[in-house]
Amino acid sequence: MAHESDHKRQFKNRKEKIGWYLDEIDCYKEDMGKWYTLGVRIILPFLLFIIPFNKLVYHGFEWIRTHFLLGIIPEFNETIPLCLWMLVCLIFLAILIFLPRFATFCEFVSSFGFYYLAFTVTYMVEQGGKLVERGFITNGLGYFTIISLSIFMFMKLVFLVFEIAYKIVFRGETEPKAYKDEANEIVF
């Protein structure tokens with residue numbers, strides 16, 4: 001007796017096979033429900049980007065202050081970058097909630113900016129009476145942030161590729177996705 005798992009699905013052509021797999025991936029994503037939307041699309045990106053936004057805002061503010069605002073703000077001020085960082089985080093949270101596709105663009109741009117800072121910027125600090133060159137990321141939290149952000153952005157890129165492929169394969173469809181199972185019943 002053949003089990004249901006032994007049955008191999010037959011496809012007419014490669015496009016139908018790719019469409020079926022993309023439909024299955026999309027159905028799994030939809031089956032995850034609200035926790036996927038809240039957890040993976042809103043809460044996780046917000047938490048992952050708290051430290052990168054902190055570094056981007058503080059470094060960006062210091063660069064703008066030293067290049068353009070030295071006459072206005074001669075000394076480094078902690079209050080202005082802190083307020084800017086909180087404002088950027090609130091704006092990013094609003095974008096995550098109300099504009100999820102634009103949030104993906106913001107995540108890619110912010111992560112590339114953070115990677116640029118993390119791998120290219122160095123500081124000269126005085127240590128033991130000598131000047132020593134230090135990297136932008138110097139502790140375990142910084143390395144953890146880079147690794148977790150890299151994993152998140154890789155998965156974001158994978159799902160973005162699946163989404164684009166899905167739009168290409170199923171372009172022009174106005175009805176919900178459906179396929180017929182072995183009993184010729186439509187399964188949504």
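Worth saying up front: this structure is predicted, and the values here are computed from it rather than measured.

Considering the arrangement of structural elements, one finds Pro45 in helix α2 (residues 34-48). Separated by 59 residues in the primary sequence, Pro45 and Thr104 have C-alpha atoms spaced 9.5 Å apart.

Enumeration over the complete set of coordinates arrives at eight aromatic pairs. Ring centres 6.4 Å apart and planes at 70 degrees place the aromatic pair Phe159 and Phe162 in the edge-to-face group. Of this pair, Phe159 and Phe162 both sit in helix α6 (residues 140-169), three residues apart, which is roughly one turn of that helix. For Phe162, a relative accessible area of 33% translates into the label partly exposed. An aromatic cluster of three or more residues is present, and its members are Phe49, Phe53 and Phe92.

A few words now on the pattern of salt bridges. Summed over all chains, the structure comprises two salt bridges. The partner of Glu62 in a salt bridge is Arg65, with the nearest N and O atoms 2.8 Å apart. On the criterion of helical spacing, the pair formed by Glu62 and Arg65 is a turn pair, its members being three residues apart in helix α3 (residues 50-67). What makes Arg65 buried here is its relative accessible area of 7%. Glu107 is paired through a salt bridge with Lys156; the nearest N and O atoms lie 3.2 Å apart. Here Lys156 lies in helix α6 and Glu107 lies in helix α5 (residues 100-120), a separation of 49 residues in the sequence. Of the two residues, Glu107 and Lys156, neither departs from the other in class, the shared state being buried.

Scoring rules and cut-offs
- Residues numbered from 1 in each chain as written.
- Predicted model: local features only at pLDDT ≥ 70, side-chain atom pairs only at ≥ 80, totals over all residues.
- Heavy atoms only, no water.
- Helix = DSSP H or I, 4+ residues; strand = E, 2+ residues; numbered from the N terminus.
- Phe/Tyr/Trp six-rings, centres within 6.5 Å; stacked < 30°, edge-to-face > 60°.
- Buried < 20%, exposed > 50% of the residue type's maximum accessible area, 1.4 Å probe, protein only.
- Salt bridge = Lys/Arg side-chain N within 4 Å of Asp/Glu carboxyl O.

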